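# Summary of the model geometry
Spelled out from the first residue to the last, the chains are:
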Amino acid sequence: MKKLTLLIVLLALHYLPMQAQPGKGIRWSRDGQAYYKATESGIESYPLSGERSAVRIPAAAFHGLSVRDFYFSADEKKVLLYTNTKKVWRYETRGDYWVLDVATGKLLQLGKGKPASSLMFAKLSPDGSKAAYVSGHNIFVEDLQSGAVTPLTTDGTRRFINGTFDWAYEEEFGCRDGFRWSPDGKSIAYWQIDATKIRDFLMIDNTDSIYSFTVPVEYPKAGESPSACRIGVADIQTAKTTWMQVPGDDQQHYIPRMEWIPGKNTLIIQQLNRKQNDSKVMTCDAATGKVRSLYEETDSAWIDVKSRWDDDNIAGWDFIRNGKSFIWVSEQDGWRHLYNINTEDGKATLLTPGNYDIISIAKIDEANNTIYFLASPENPTQQYLYKVSLNGGKAERITPANEPGSHEYKISPYSAWAIHEFSNAYTYPVSENLQLPAHKSSSHAVLNAITKSAAAPNKPEFFTITTVDGVIMSGWMNKPAGFDPAKKYPVVFYVYGEPAGATTLDAIGAGRNFLYDGDMAADGYVYVSMDNRGTPLPKGRTWRKCVYRKVGLINARDQAMGTKALLQKYSFLDPERTAVWGWSGGGSMTLNLMFQYPEIYKTGIAIAAVGNQLTYDNIYQERYMGLPEENREDFVKGSPITYARNLSGNLLYIHGTGDDNVHYQNAEMLLNELIKYNKQFQFMAYPNRTHSISEGQGTFEHLSTLYTNYLRTHCVPGGK
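Let me begin by describing the structure that accompanies this report. As the structure is a prediction and not an experimental result, all values here were calculated from the model.

## Overview of the overall build of the protein chain
- Check the secondary structure of the protein chain and you find 11 helices and 42 strands.
- By the compact-globule yardstick of 27 Å for 720 residues, the protein chain fits well, its C-alpha radius of gyration being 26 Å.
- Taken along its principal axes, the extent of the C-alpha atoms in the protein chain is 75 × 60 × 55 Å.
- Looking at the protein chain as a whole, 59% of its 720 residues qualify as buried.
- Once local pairs closer than 6 in sequence are excluded, the contacts in the protein chain between residues at least 24 apart make up 60%.
- Per element, the accessible surface of the protein chain, about 27,800 Å² overall, is 49% carbon and sulfur.
- With 76 positive and 78 negative side-chain charges, the protein chain shows a separation of 1 Å between the mean positions of the two kinds.

See the structure below:
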């Protein structure tokens, strides 16, 4: 549940969990009393106490470089500057790196002889004397004093990848940075991904030259074995790699997590089987490669990885007591809870008992024997800060009771200060610095914002509805301006419904349609969204995982039965003007609702939808649906293409031909099926646009106009 201020909008744009642009996170000062920010003046220090900011490093020291991000060494004597960035798939993870010596002002470019914008994930060694980076799918170490560059790997290619990841690992696990300095700085542990056996999916570019050309992406679709993966430890002096002896077939498992145990020459890894329902934590002797099993858990559905509960960040391991144990998240008792795992014997101790879910870990404050985490036991559409003892016990809410909505906390290294961000459905995002655990702020920014916004017109109303199946769904409803309960109004449903995201959070964006060109409330629409079973709300494991092998069936039925219940309950909803729309996973949901429940939904707008589950990547689709070779019929039953013959309403289908995520082939497969049954519909292909359909001059304006005109034409606005 990331970046609540933008979540409602952003979830529309991706089939998978939203992840923030890497970099530009909080850069805390060494003492935890301030944070750093790159500005036109240079790198400025902003005291959390509210004192005036001060320039830590003047812009003149950058010699004209445009700084995209920066990282201080542990002693703050050096700063790593990230510039001239380029995208790799979603994110700007390639660029140029420079090292600035703060005392002398000396500026050194890393990898000077390598192509521009080719370096990835540069990191200074623990003592600040060296830097390591990936370039051309190989790992290099550069001595900052002598300038000597040592390649630790030399066999990297587009499909044989050292120190970073292939498309599927990046998209589905959030894995990007694929190497780690050892605590003593004498070696580097890294991933090697062998995608040479993975078939390329060829996208066709028809717009960038007179002759079309193909764009290959190594893309393992559902039913295909994953890329082989292994972990190596390279000695900095000899460049020799020792491979960790992780058991199992390399092409039938995943290793999404790997870190060094503090103060030891030992790695800790998480291995998932291909079905992702068996998780093993192992320790690896970096010198010998020998592996020891430490902790294992299984699930009849699937097991989520760390990025789900830790701010979408797969990196890092929550060690405590100098690496003698670590904090782990598990749903083994039916709720998402925190456990303390001993690194010697693997013993697990429950820390957060009770019938509620933790949403994410905010901070482990070992000095004060406290874990801060986000949760909302009473209302699954909101989130608040709680704390619990490292010894476990009853959780205590820290967020004040008079601040309803969704809260994020970026807690400083020593946990005395936090940057508190807040919004709800009618309050625009506001930020303040406060002291913990008292939640003391001198600005009162949050309360002032709530008070100011409380009287906002046309606020969305939150509701719960019980379906004929006994499922209790949460939702919001935004009514028309000048609402008259005696009239009947068209209703537009915004859907997502996949395990990757929720749409009904009480955060800014709820009740707002970013794609509609105009004011839906002023035009006379009722706008509604509901979260079905299978969405990642904090409502327990059963809520989230009952859709296993039933995605496209259970979640679609929940939406349809929720809609029927609303139509029966509220006489002002016009059943003859019922529309539904969604993007990506929401596009798939829209198609399933239009095809499986044509008697309910009269108009649908589906964007970038997965029409055939067998076309999507293996990590995502197999996690939630199993393996096609074992239960292919489930993939077929959950796919919209199976029910296309049932279309009877108005359908607008939209897809980008350059979509590397949900491939354009979904559109053509679906078109063929609709054509076969003489189903009339409207289709729009956006040439060479990706999954976000954001590239190219005028694209968003065109998409918004197309969407709005179609909705107004086929689901006529206004009360009757």
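## Observations regarding the environment of Asp96
- Here Asp96 is to be found in strand β7 (residues 91–101).
- Classification of Asp96 as buried rests on a relative accessible area of 12%.
- Apart from the residues lying within four places of it in its own chain, the contact partners of Asp96 are Leu81, Tyr82, Thr83, Asn84, Gln109, Ala116, Ser117 and Ser118.
- One polar contact links Asp96 to Asn84, side chain to side chain, over a distance of 3.0 Å.
- Of the polar contacts made by the side chain of Asp96, one reaches the backbone nitrogen of Ser117; its length is 2.7 Å.

## As for the sheet that holds strand β3 (residues 42–47)
- With antiparallel pairing, the four strands of this open sheet are ordered in space as β1-β2-β3-β4. Strands with a single pairing partner mark the edges of an open sheet, and in this sheet they are β1 (27–28) and β4 (54–58).

## Here we look at the packing of helix α6 (residues 554–569) against helix α7 (residues 585–596)
- Two elements in contact, α6 and α7, have axes separated by 10 Å at closest approach and are oriented at 65°. When the axis of α6 is compared with that of α7, the two are roughly perpendicular. In the packing of α6 onto α7, the handedness of the crossing is right-handed. Contacts between α6 and α7 involve Asn555, Ala556, Gln559 and Ala560 from the former and Met589, Asn592 and Leu593 from the latter.
- Tallied by class, residues from the contact of α6 with α7 come to four nonpolar, three polar and no charged.

## Observations concerning the environment of Ile314
- Relative to the helices and strands, Ile314 resides in the loop between β23 (291–298) and β24 (319–320).
- Residue Ile314 is classed as buried on the basis of its relative accessible area, which comes to 7%.
- Counting along the chain gives 58 residues from Ile314 to Pro256, while the straight-line C-alpha distance between them is 7.6 Å.
- Not counting residues up to four positions away in its chain, the partners in contact with Ile314 are Phe173, Gly174, Cys175, Pro256, Arg257, Val305, Lys306 and Ser307.

## Description of the sheet that holds strand β32 (residues 406–411)
- One open sheet accounts for three strands, arranged β32-β33-β34; its pairing is antiparallel. Looking at the sheet topology across the chains shown, the edges are occupied by β32 and β34 (427–435). Here the average twist between neighbouring strands, direction ignored, is 20°.
- Pairing analysis gives six bridges linking β32 to strand β33 (residues 417–424), with the strands arranged antiparallel. Within β33, the position partnered with Tyr409 by the bridge is His420.

## A few points about the pairing of β23
- Of the strand pairs in this sheet, strand β22 (residues 278–285) and β23 are connected by seven bridges, and their pairing is antiparallel. Its bridge partner lying in β23, Thr283 is registered against Arg292.
- Counting the residues in the hairpin turn of β22 and β23 gives five residues, including Gly289, whose phi is positive at 85°.

## Focus: the nonpolar core
- Of all hydrophobic cores here, the largest spans 48 residues; its most connected members are Tyr169, Phe173 and Leu267.
- Contributions of two or more residues to this core are made by α2 (167–173), β15 (187–194), β16 (200–205), β18 (228–235), β20 (253–260), β21 (266–273), β22 and α8 (618–625).
- Apart from residues no more than four positions distant in its own chain, Tyr169 is found in contact with Gly174, Cys175, Ile193, Cys229, His253, Tyr254, Ile255, Pro256 and Ile619.
- Ranked by size, the runner-up nonpolar core spans 45 residues in total, among them Val495, Trp543, Met589 and Met594.

Rules and cut-offs
Residues numbered from 1 in each chain as written. Predicted model: local features only at pLDDT ≥ 70, side-chain atom pairs only at ≥ 80, totals over all residues. Heavy atoms only, no water. Helix = DSSP H or I, 4+ residues; strand = E, 2+ residues; numbered from the N terminus. Rg over C-alpha atoms; globule rule 2.2 N^0.38 Å. Buried < 20%, exposed > 50% of the residue type's maximum accessible area, 1.4 Å probe, protein only. Contact = heavy atoms within 4.5 Å. Areas by Shrake-Rupley, 256 points an atom, 1.4 Å probe, with all protein chains shown as cover. Lys, Arg positive; Asp, Glu negative; His and termini not counted. Charge placed at Lys NZ, Arg CZ, Asp CG, Glu CD. Polar contact = N/O pair within 3.5 Å; in protein donor to acceptor, adjacent residues only side chain to side chain. Pairing = 2+ DSSP bridges. Axes fitted to C-alpha atoms, helices over the stretch in contact; angles between N-to-C directions. Parallel < 35°, antiparallel > 145°, perpendicular 65-115°, else oblique. Left-handed = near helix turned anticlockwise from the far one by under 90°. Nonpolar A, V, L, I, M, F, W, Y, C, P; charged D, E, K, R; others polar. Core = buried A, V, L, I, M, F, W, Y, C linked by side-chain atoms within 4.5 Å.

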